[in-house]
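Fold and contact review
In case you want the letters, here they are:
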Amino acid sequence: MGRRRSAPVLREIARGVVGGAVGTGAMALAADLRRRRYAHHRGIDTSEIDVILDYDDSEHVVIAASTLLRHVIGWAPRTAEGRHALFWVVHWGYGSVVGTAHVGLQHLLGREPAPGFAFFAGSQVMALGLFPVLGDTPPPWRWERRLLVTSFVQHGIYAGAVAAANTATARLITRR
């Protein structure tokens, strides 16, 4: 009996992780396109960008993750390679796992758009809260307007892609 119940739960968790990965990929692609466009308009290479375009795509992700690691296990990466690896683990891991919350919201709120809007709001609130608390950014009311707008747009892209992927996979499972 326990096995039968755990299979649908594991399937829903897997669906959420896949949806989160799709959303993370969409967000990463949008950030890459933004970097390229920014560099192109200034006649520079993307490696020469010396301003933060998005806190979610910056060293502040590593600062937040390192803060947590130091408190939990007493260690954080010190090399550039270790910090780069931590960025990608956090970016993809966190973004993928958070996608499971959308599946829960689908079960709780029903069909879109309500779960997607709630998921977007939760994602945005997390970004506005976690970066100042752990990532060494100013509070959101002191963010530059362009960074605040970018955050809302990026999390809208993320939430929209997660909602689309989770809705599509729910339909696939229902058809079986």
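Residues numbered from 1 in each chain as written. Predicted model: local features only at pLDDT ≥ 70, side-chain atom pairs only at ≥ 80, totals over all residues. Heavy atoms only, no water.

It is worth spelling out the packing of aromatic side chains at this point. When we look at a pair of aromatic rings, we describe it by the centre distance and by the angle of the planes. Tallying each qualifying case throughout the model produces five aromatic pairs. Consider the rings of F119 and Y158, whose centres lie 5.5 Å apart with planes at 35°: the pair is tilted. With F119 in helix α4 (residues 114-134) and Y158 in helix α5 (residues 145-175), this residue pair connects regions lying 39 residues apart in the sequence. Exposure class is identical for F119 and Y158. Each is buried. Between F120 and F152, the aromatic rings sit 6.1 Å apart at their centres with planes inclined by 55°, giving tilted as the arrangement. Taken together, the residues F120 in helix α4 and F152 in helix α5 connect sequence positions 32 residues apart. The exposure class assigned to F120 is partly exposed, which follows from its relative accessible area of 21%. (Phe/Tyr/Trp six-rings, centres within 6.5 Å; stacked < 30°, edge-to-face > 60°. Helix = DSSP H or I, 4+ residues; strand = E, 2+ residues; numbered from the N terminus. Buried < 20%, exposed > 50% of the residue type's maximum accessible area, 1.4 Å probe, protein only.)

You can see D54 is positioned in the loop between α1 (2-42) and α2 (59-73). At 3.0 Å, the side chain of D54 forms a polar contact with the backbone nitrogen of D56. (Polar contact = N/O pair within 3.5 Å; in protein donor to acceptor, adjacent residues only side chain to side chain.)

Looking at soluble globular proteins, one finds that nonpolar side chains tend to be buried together. Of all hydrophobic cores here, the largest spans 11 residues; its members are Y55, V61, V62, A65, L86, F87, A127, L128, F131, W143 and L147. At the level of secondary structure, the elements contributing two or more residues to this core comprise α2, α3 (80-109) and α4. Contact partners of Y55, with chain neighbours within four places excluded, come to H60, V61, F131, T137, P138, W143 and L147. Core analysis: the second largest hydrophobic core is formed by seven residues, V98, F119, A159 and V162 among them. (Core = buried A, V, L, I, M, F, W, Y, C linked by side-chain atoms within 4.5 Å. Contact = heavy atoms within 4.5 Å.)

Okay, the confidence of the model for the chain next. On average, residues of the chain score 94 in pLDDT, and 97% of them reach the 70 mark or higher. The lowest-confidence element of the chain is α1, averaging 92 in pLDDT; the highest-confidence one is α4, averaging 97. (pLDDT = per-residue confidence, 0-100.)

So, about the environment of A118. Summarising the element assignment, A118 is placed in helix α4. The spatial distance from the C-alpha of A118 to the C-alpha of D45 is 38 Å, given a sequence separation of 73 residues. Beyond its immediate sequence surroundings of up to four residues, A118 is in contact with L105 and L109.

The next thing to look at is the pattern of salt bridges. Applying the stated criterion to the full structure yields six salt bridges. Between R15 and E12 there is a salt bridge, with the nearest N and O atoms lying 3.0 Å from each other. Pair noted here: R15 and E12 are both in helix α1, with a separation of three residues, about one helical turn. A single network of salt bridges, built from pairs that share partners, joins D32, R35, R36 and D57. (Salt bridge = Lys/Arg side-chain N within 4 Å of Asp/Glu carboxyl O.)

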